[in-house]
Amino acid sequence: MQIEWRLRKVMASRDVWAATELRELLVQRAGFELSLQSVSDLMKKQPVQVKVATLQALCTALQCTPNELFGIDTPQEVSIADVPGASDSPASR
């Protein structure tokens, strides 16, 4: 399973394009202060961890839910019949 960090997509859907804009929204709407570097880091790469307080502030500032900020890519289930060469196994003869 892969977890995708979708902060930039959520920002774009709300017409927020820069770290400075997001930082300002965090202060105005959530009363939450993050350094400009921290906001920029959240935008540029998937974080290893996100504090609940930061997640709540992002959701408040962007008026979204955590489900919008995280995407989950689940692996497809594969049956043995889908595996190449499986029909050549002794059990299938």
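Our subject is the structure listed above.
Here the residue index of a chain counts from 1 through its sequence in written order. Per-residue local features of the predicted model are confined to residues with pLDDT of at least 70, and side-chain atom pairs are confined, for both listing and counting, to 80 or more; whole-chain, interface and lining totals are unaffected and use all residues. Excluded from the side-chain calculation are hydrogens and water; included are all heavy atoms of the structure.

### Topic: the side chain of Thr-54
Part 1 of the argument: Examined against the element boundaries, Thr-54 turns out to sit in helix α4 (residues 52–62).
Part 2 of the argument: Buried residues are those whose accessible area, probed at 1.4 Å on protein chains only, stays under 20% of the maximum for their type, while exposed residues exceed 50% and partly exposed ones sit between those limits. On the accessibility criterion, Thr-54 (11% relative accessible area) is buried.
Part 3 of the argument: Dropping the residues within four chain positions of it, Thr-54 is found in contact with Phe-32, Leu-34 and Leu-42. Secondary structure is summarised from DSSP: a helix means a run of H or I of at least four residues, a strand means a run of E of at least two, and numbering begins at the N terminus for each. Throughout, a residue-residue contact means that at least one pair of heavy atoms, one from each residue, lies within 4.5 Å.

### Re the pattern of salt bridges
Part 1 of the argument: Salt bridges are identified by distance alone: a Lys or Arg side-chain nitrogen within 4 Å of an Asp or Glu carboxyl oxygen. A complete count under the given rule lists 4 salt bridges for this structure.
Part 2 of the argument: One salt bridge connects Glu-68 with Arg-14, and the closest N-O pair in it is separated by 3.0 Å. You can see Glu-68 sitting in helix α5 (residues 66–69) and its partner Arg-14 sitting in the loop between α1 (7–13) and α2 (19–30), a full 54 residues away along the chain.
Part 3 of the argument: A relative accessible area of 31% means that Glu-68 is categorised as partly exposed.
Part 4 of the argument: Residue classification places Arg-14 among the partly exposed residues on the basis of a relative accessible area of 31%.
Part 5 of the argument: Through salt bridges with shared partners, one network takes in Glu-4, Arg-6 and Lys-9.

### Side note on the packing of α2 against helix α3 (residues 36–44)
Part 1 of the argument: Interaxial distance between α2 and α3 falls to 9 Å at its minimum, and their mutual angle equals 115°. When the axis of α2 is compared with that of α3, the two are roughly perpendicular. In this structure, the crossing between α2 and α3 has a hand that is right-handed. Contacts from Ala-19, Thr-20, Leu-22, Arg-23 and Leu-26 of α2 reach α3 at Leu-36, Val-39, Ser-40 and Met-43.
Part 2 of the argument: Residues of the contact of α2 with α3, tallied by class, amount to 6 nonpolar, 2 polar and 1 charged. To define axes, lines are fitted to C-alpha atoms, for helices over the stretch in contact only, and angles between the resulting N-to-C directions are given on a 0 to 180 degree scale. Roughly parallel means an angle under 35 degrees; roughly antiparallel means over 145; roughly perpendicular covers 65 to 115; every other angle is labelled oblique. Helix crossings get a hand from a simple test, with the near helix turned counterclockwise from the far one by less than a right angle marking a left-handed crossing and a clockwise turn marking a right-handed one. When residues are grouped by polarity, Ala, Val, Leu, Ile, Met, Phe, Trp, Tyr, Cys and Pro land in nonpolar, Asp, Glu, Lys and Arg in charged, and all others, Gly among them, in polar.

### Examining the nonpolar core
Part 1 of the argument: Counting 22 residues, the largest nonpolar core has Leu-7, Leu-22, Leu-26, Leu-58, Leu-62 and Leu-69 as its most contacted members.
Part 2 of the argument: Sorting the residues of this core by element identifies α1, α2, α3 and α4 as the ones contributing at least two each.
Part 3 of the argument: No other element matches the 6 residues that α4 contributes to this core.
Part 4 of the argument: In contact with Leu-7, not counting residues within four places along its chain, are Leu-22, Leu-42, Met-43, Leu-58, Leu-62 and Leu-69. Residues enter a nonpolar core if they are buried and are Ala, Val, Leu, Ile, Met, Phe, Trp, Tyr or Cys, with the set joined through side-chain atoms within 4.5 Å.

### Some points on the environment of Leu-58
Part 1 of the argument: Inspection of the secondary structure assignment puts Leu-58 in helix α4.
Part 2 of the argument: Leu-58 sits 26 residues away from Phe-32 along the chain, and the two C-alpha atoms are 8.9 Å apart.
Part 3 of the argument: Beyond its immediate sequence surroundings of up to four residues, Leu-58 is in contact with Trp-5, Leu-7, Leu-22, Leu-26, Leu-42, Gln-63, Cys-64 and Leu-69.

Spatial relationships are all this shows, so hold off on functional conclusions.
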